[in-house]
Amino acid sequence: MAVNELEPALASEVERLADALRARGWLLAAAESCSGGLIAAACTSLAGSSDWFERGWVTYSNAAKSDSLGVPAALIAQHGAVSAEVARAMADGALAHSSAQLAVAVTGIAGPSGATPGKPVGTVWLAIARRGSSTDAHLLQLSGDRAAVRRQTVEHALRALNARLAAA
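Residues numbered from 1 in each chain as written. Predicted model: local features only at pLDDT ≥ 70, side-chain atom pairs only at ≥ 80, totals over all residues. Heavy atoms only, no water.

Asker: Would you take a moment to explain the pattern of salt bridges for this structure?
Answerer: Pairing between side chains of opposite charge can happen when their charged atoms approach one another. The final tally for this structure, using the stated rule, is seven salt bridges. Among the ionic pairs, E54 bridges to R55, the shortest N-O distance being 2.8 Å. Take E54: its relative accessible area is 24%, and that puts it in the partly exposed class. Judged by relative accessible area, which is 34%, R55 ranks as partly exposed. Between R164 and D136 there is a salt bridge, and its shortest N-O distance comes to 3.0 Å. With R164 in helix 6 (residues 146-167) and D136 in strand 5 (residues 136-141), the pair connects residues that are 28 residues apart, well separated along the chain. Exposure remark for D136: the relative accessible area of 31% places this residue in the partly exposed category. (Salt bridge = Lys/Arg side-chain N within 4 Å of Asp/Glu carboxyl O. Buried < 20%, exposed > 50% of the residue type's maximum accessible area, 1.4 Å probe, protein only. Helix = DSSP H or I, 4+ residues; strand = E, 2+ residues; numbered from the N terminus.)

Asker: I would appreciate a short explanation of the pairing of strand 3 (residues 102-108) in the present structure.
Answerer: Two faces make up the sheet, and in a regular strand the side chains alternate between them. Summarising burial for strand 3: seven of the seven residues are buried, a large majority. The side-chain alternation of strand 3 yields two buried faces, one formed by L102, V104, V106 and G108 and the other by A103, A105 and T107. Relative to strand 3, strand 1 (residues 28-32) runs parallel, the two being bridged by five bridges. Bridge pairing links A30 to V104 in strand 3. Note that strand 3 and strand 4 (residues 123-130) share seven bridges and pair antiparallel. Bridge pairing in strand 4 places L102 opposite R130. (Pairing = 2+ DSSP bridges.)

Asker: Looking at this model, I keep getting lost on the packing of helix 1 (residues 8-24) against helix 6. Mind explaining?
Answerer: When two helices pack together, their arrangement is given by the angle between the helix axes and the distance between those axes. Two elements in contact, helix 1 and helix 6, have axes whose closest approach is 9 Å; the angle formed by their N-to-C orientations is 35°. With respect to the hand of their crossing, helix 1 and helix 6 are arranged in left-handed fashion. Contact with helix 1, carried on its side by L10, E13, V14, R16, L17, A20, L21 and R24, involves V154, E155, L158, R159, L161, N162 and L165 of helix 6 and no other residues of that element. Its residues assigned to classes, the contact of helix 1 with helix 6 comprises nine nonpolar, one polar and five charged. (Axes fitted to C-alpha atoms, helices over the stretch in contact; angles between N-to-C directions. Left-handed = near helix turned anticlockwise from the far one by under 90°. Contact = heavy atoms within 4.5 Å. Nonpolar A, V, L, I, M, F, W, Y, C, P; charged D, E, K, R; others polar.)

Remember, this is a structural readout, not a statement about activity or role.
Here's what the structure looks like:
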């Protein structure tokens, strides 16, 4: 999929992200659960993305979060996979296991099943980590079906990355 095959707003966010990362000489890593690799797919839809997109993980299971990103199993057991703590740990793990300066992580409930008390379908935690800085996590309460929740997750992730770079 080429960047011009993305929705215009999404393509614009990817191009802004690419420009900002290239200008800094930075690399991006993505750790994804509920989005299943769609953030990485959006980023790599742009030709030349190897200049700024270093790697991505789809860590859908709790074991994958622990094995691939170093998220402590005890943290998942204590807070649940869909939590600020786990999203931050995923983003920090992406930085620790890559050469990237910036990482994004998402974990959530895309539906139609998987909701728990206090965590309805559409609950997504998004975290952004930057080397040498604190890791921010934001709660998203998204609506729609599974495809809509996943698409909105990607949109929010790209916008959050661009906002973090603008503030850097």
